[in-house]
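Listed below are the residues making up each chain.
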Amino acid sequence: MAYSFRFLDDIALADLAFEAEGDSIEELFRSATQALLETLADPGTVATNWERRVMKVEEDPAALLFEWLSDIVYWKDAAGVVFHDAEISVTQEGPTWGLVAVLRGASVDQMTQTLHNDVKGITKHLYDVKQEGARWSARVVIDV
Amino acid sequence: MTLKTEMQVNRITNEVWEIPVTEKPGMVVPARIYATPAILHSMDRGVFDQVTNVACLPGITRHALCMPDGHWGYGFPIGGVAAFDVATGVISPGGVGYDVNCGMRLIRTDLTLEDVQPKLDRLMTELFRRVPAGVGASGFVRLNRDAFDSVMTRGARWCIEEGYGWHRDLARIEEGGCIAAADPSTVSDHAVGRGINQLGTLGSGNHYLEVQVVSNDRIFDSETAAALGLTGQDQIVVMVHCGSRGFGHQVASDYLKIFEKAMRRYGITVKDQQLACAPFRSPEGQDYFAAMNCAANTAFANRQVITHQIRAAFAHVFGLSAEELGMELVYDVAHNIAKVERYPEGELLVHRKGSTRAFGPGSPDVPRDFQKIGQPVICGGSMETGSYVLVGTDRAVQETFGSTMHGAGRTMSRAQAKKSIRGEQLQQDMKRRGILVKAVSMSGLAEEAGVAYKNISEVVDTVDRAGITKKVAELRPIGNIKG
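Residues numbered from 1 in each chain as written. Chains lettered and ligands numbered in written order. Predicted model: local features only at pLDDT ≥ 70, side-chain atom pairs only at ≥ 80, totals over all residues. Heavy atoms only, no water.

**Regarding the overall build of chain B**
Going by this rule: Helix and strand definitions follow DSSP, with helices as H or I runs of at least four residues and strands as E runs of at least two, each counted in order from the N terminus. Atoms considered for the radius of gyration are the C-alpha atoms alone. The globule rule reads 2.2 Å times the number of residues to the power 0.38. Only protein chains enter the area calculation, which uses a 1.4 Å probe; residues under 20% of their type maximum are buried, those over 50% are exposed, and those in between are partly exposed. Residues are treated as being in contact if the distance between any of their heavy atoms lies within 4.5 Å. With residues, only the protein chains shown are counted as cover, and all accessible areas are computed by Shrake-Rupley using a 1.4 Å probe.
Check the secondary structure of chain B and you find 15 helices and 19 strands. Rg of the C-alpha trace for chain B: 21 Å, near the compact-globule value of 23 Å for 483 residues, within the 12% margin. Projected onto the principal axes, the alpha-carbon positions of chain B cover approximately 60 × 55 × 50 Å. Taken across its 483 residues, chain B has 68% of its residues classed as buried. Put simply, 76% of the contacts in chain B that link residues at least 6 apart link residues at least 24 apart. Just so you have it, chain B exposes about 15800 Å², and 49% of that area is on carbon and sulfur atoms.

Pasting the structure below:
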């Protein structure tokens with residue numbers, strides 16, 4: 001598998017933290033996105049009758065990932081949805097980094113979905129995105 | 001057992017410990033931690049690091065404080081208290097917390113355990129139906145932008161005008177449920193988008209609605225308890241713990257970003273990015289204060305709408321009106337907020353993050369009914385143990401900027417709790433012990449197991465012995481709703 005993530009036991013006592021990895025920046029984004037979607041609900045129990053296209057441009061990949069994950073949290077509250085998956089494309093053009101994504105999910109339904117944590121936001125505590133060789137990784141602490 | 005810090009920690013009394021300014025470069029004032037030796041030793045490294053980071057902030061006055069329920073937080077520790085000179089000091093979203101005006105509310109009833117036990121299952125089902133909880137839940141109150149602006153500026157007063165409560169409720173809410181210095185123009189559309197559908201919802205994490213019993217053998221001061229409407233005759237009360245939901249979080253996130261840039265302009269450096277701050281009197285500082293107050297008012301309104309639903313649920317199940325059931329508000333108090341208050345040093349901006357205001361008898365900010373006993377302080381324990389009602393003291397005003405503890409405080413991470421406990425098993429075990437739990441998420445339930453928290457009785461005894469709050473009654477859970 002080109003991407004992976006794991007939840008961290010030893011930091012963020014009252015909240016949740018995960019470490020995500022990928023063989024490319026795009027894979028890292030997929031991995032971190034999957035970690036966040038699974039924090040909210042089991043994606044396998046969520047339908048795909050809600051869809052939103054998201055475009056973002058930032059000066060560096062760390063800011064881009066932070067803003068993208070924050071956007072997922074925003075749509076969770078603003079549209080009252082949880083998510084099945086996200087189609088993600090990340091590109092670099094000169095000094096800027098761009099993301100085009102399609103976020104898919106469905107309105108919250110306690111009867112049919114396995115719901116987990118109501119994430120309040122993405123924080124910058126111990127937030128880190130780095131590249132070592134071809135491998136990208138990120139550490140993200142989420143406020144629940 | 002050794003302390004989880006290399007810094008020197010000096011004993012002031014058995015409940016007060018001080019880290020001198022020499023222990024970290026940049027400390028402006030000493031840091032003080034309220035704890036017994038046992039609690040001090042159980043505190044995580046983050047408490048010591050973070051309370052001393054706070055002690056480095058510009059304009060901080062007297063001491064940076066941490067209460068005995070303290071643990072690691074974002075920037076400030078949870079349980080942190082810091083007061084800043086309004087002219088020279090800063091305001092920091094990290095000192096308020098992301099969930100602005102997260103707080104506690106307690107509602108009394110005339111019902112007893114004997115009345116409620118046979119109908120407990122039905123009551124909890126009705127409460128679970130009427131008070132939405134968990135991921136993405138939206139409330140029954142439908143608001144347009146104008147109405148939401150009114151919620152931001154009028155708080156619980158808006159609810160009373162709309163019929164969600166009784167006028168006399170307002171006298172039993174900190175600040176009368178409405179903080180004046182709130183300006184919706186300082187709030188982003190993003191924040192409004194997250195908050196507009198969430199009025200009357202609990203959320204998840206450590207937020208809950210709990211049906212509790214007050215027994216005679218758990219009343220420590222019967223005169224004060226009586227003044228609060230607590231009889232102790234196996235009386236049923238209802239506790240609510242929640243805040244401003246996604247709205248407050250977005251306000252905090254928005255201004256952390258603004259403050260990161262503003263700090264460069266004002267030449268402020270901080271030990272931790274999550275301590276981002278701005279001079280209180282700066283345009284950025286004033287805007288955050290106004291936006292934070294919008295979120296604080298929204299939290300008061302949130303708990304008021306939930307109260308309306310709780311009263312309706314009880315009335316439905318017991319076939320009597322909420323008035324006939326004696327469902328008066330005991331008190332509603334914030335534990336994540338920054339407020340301008342007057343102390344011997346002058347006007348100070350007091351940040352309380354996971355800390356409750358605890359003004360003593362005679363304070364003009366204490367409701368008329370409680371002038372003789374002091375301000376009620378409501379502290380929630382884990383869902384498996386008890387919660388407490390306490391009252392504020394003059395000593396708190398003298399020593400801790402009128403502040404005390406807010407809850408039990410965690411000792412185990414959510415990830416660890418989830419690995420060692422199964423939600424379904426916990427729910428069954430609690431049912432056997434007489435606590436009926438309704439939860440949206442079983443994994444979320446596991447994260448909130450009692451073993452993940454400190455023993456609240458030890459925490460309460462610490463503040464009681466330190467004299468910064470006096471304990472009045474312990475409340476035992478029989479029903480709990482979690483997101």
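**Concerning the packing of aromatic side chains**
Here is the rule: Pairing of aromatic rings covers Phe, Tyr and Trp, the last through its six-membered ring, and needs centres within 6.5 Å; plane angles under 30 degrees mean stacked, over 60 mean edge-to-face, and all others mean tilted. Here, a charge over a ring means that NZ of Lys or CZ of Arg falls within 6 Å of the ring centre while also lying within 35 degrees of the ring normal.
Applying the stated criterion across every chain yields a total of 20 aromatic pairs over all chains. Among the aromatic side chains, those forming a connected cluster through ring pairs are W50, Y74, W75 and F83 of chain A. Over the ring of W166 of chain B we find R311 of chain B; its NZ or CZ atom is 3.6 Å from the centre of that ring. Sitting over the face of the ring of F220 of chain B, K471 of chain B holds its NZ or CZ atom 4.5 Å from the ring centroid.

**Notes on the pattern of salt bridges**
Residue and element names in this part refer to chain B. Let me state the cut-off plainly: Note on definitions: salt bridges are taken to be side-chain nitrogens of Lys or Arg within 4 Å of carboxyl oxygens of Asp or Glu.
Applying the stated criterion across every chain yields a total of 49 salt bridges over all chains. Two residues, D461 and K471, come together in a salt bridge whose shortest N-O distance is 2.6 Å. Placement of D461 in helix α15 (residues 456-466) and of K471 in strand β19 (residues 469-482) is noted, with a sequence separation of ten residues between them.

**What about the confidence of the model for chain B?**
Put simply, the rule reads: Per-residue confidence from the predictor is given as pLDDT, running between 0 and 100.
On average, residues of chain B score 96 in pLDDT, and 100% of them reach the 70 mark or higher. Predicted complex metrics record ipTM = 0.92 and pTM = 0.96.

**Some remarks on unusual backbone geometry**
What you tend to see is this: most non-glycine residues have negative phi, and most peptide bonds are trans. Residues and elements named next belong to chain B. Positioned with a positive phi, N101 is a non-glycine residue whose angle comes to about 55°. Here N101 shows up in the loop between β6 (90-91) and β7 (103-112). Of note, the phi angle at D234 is positive, near 50°, even though the residue is not glycine. Along the chain, the position of D234 falls in strand β9 (residues 233-242).

**A closer look at a negative patch on the surface**
The following threshold applies: What goes into a patch is any residue over 30% in relative accessible area without a salt bridge, connected to like charges within 9 Å or, for nonpolar side chains (Val, Leu, Ile, Met, Phe, Trp, Tyr), within 5 Å. His is not counted, nor are the chain ends; Lys and Arg add positive charge and Asp and Glu add negative charge. Taken as the charge location is NZ of Lys, CZ of Arg, CG of Asp or CD of Glu.
Together, E114, D115, D217 and D234 of chain B line one region of the surface with negative charge. You can call D217 of chain B exposed: its relative accessible area is 58%.

**As for the interface of chain B and chain A**
The cut-off we apply is this: Buried area is a sum: the accessible area each of two parts loses on coming together, probed at 1.4 Å, counted once for each and added. Here a polar contact means two N or O atoms within 3.5 Å. Within protein one must be a hydrogen donor candidate and the other an acceptor candidate, and residues neighboring in sequence count only if both atoms are side-chain atoms.
Listed by partner, the interface residues are 41 residues for chain B and 35 residues for chain A. Between chain B and chain A the total buried area reaches about 3200 Å² when both faces are included, carbon and sulfur atoms providing 51% of it. The interface formed by chain B and chain A holds six salt bridges in total. The partner of D77 of chain A in a salt bridge is R194 of chain B, and the shortest N-O contact between them spans 2.9 Å. Where chain B meets chain A, there are 16 residue pairs in polar contact (both at pLDDT 80 or more). Where the side of chain B that touches chain A is concerned, the elements lending two or more residues are α7 (189-195), α9 (245-266), α12 (414-420) and α14 (442-447) of chain B.

**Focus: the side chain of T52 of chain B**
Residue and element names in this part refer to chain B. Topologically, T52 is positioned in helix α2 (residues 45-54). With relative accessibility at 0%, the residue T52 sits in the buried group. A distance of 2.9 Å separates a polar atom in the side chain of T52 from the backbone oxygen of D49. With near-sequence residues (within four places) excluded, T52 lies in contact with M7, I19, K24, M27 and A31.

**Side note on the packing of helix α1 (residues 25-40) of chain A against helix α2 (residues 61-78) of chain A**
How two helices pack is summed up by the angle between their axes together with the distance between the axes. Residue and element names in this part refer to chain A. What counts is decided by this rule: In this description, a line fitted to the C-alpha atoms serves as the axis of each element, helices being fitted only across the stretch in contact, and the angle between N-to-C directions of two axes falls anywhere from 0 to 180 degrees. Every angle not falling under 35 degrees, over 145, or within 65 to 115 is termed oblique; those three ranges are roughly parallel, roughly antiparallel and roughly perpendicular. Here a crossing is called left-handed whenever its near helix is offset anticlockwise from the far helix by less than a right angle, and right-handed whenever the offset is clockwise. Side-chain classes follow a simple rule in which Ala, Val, Leu, Ile, Met, Phe, Trp, Tyr, Cys and Pro form the nonpolar group, Asp, Glu, Lys and Arg form the charged group, and the remainder, Gly included, forms the polar group.
Here α1 crosses α2 at 30°, and the two axes come no closer than 11 Å. The angle between the axes of α1 and α2 places the two elements in the roughly parallel class. Crossing geometry of α1 relative to α2 is assigned as right-handed. In contact with I25, F29, A32, T33, L36, L37 and L40 of α1, α2 contributes P61, L64, L65, W68, L69, I72, V73 and K76. Among the residues making up the contact of α1 with α2, the classes are represented as 13 nonpolar, one polar and one charged.

**Notes on the pairing of strand β4 (residues 81-93) of chain A**
All names here are of chain A. Spelled out, the test is: Strand pairing requires that DSSP identify at least two bridges connecting the strands.
Bridge count for β4 against strand β5 (residues 96-107) is twelve bridges, and the pairing is antiparallel. When the bridges of β5 are listed, A86 appears paired with L103. Count of turn residues in the β4/β5 antiparallel hairpin: two residues, of which G94 carries a positive phi of about 60°.

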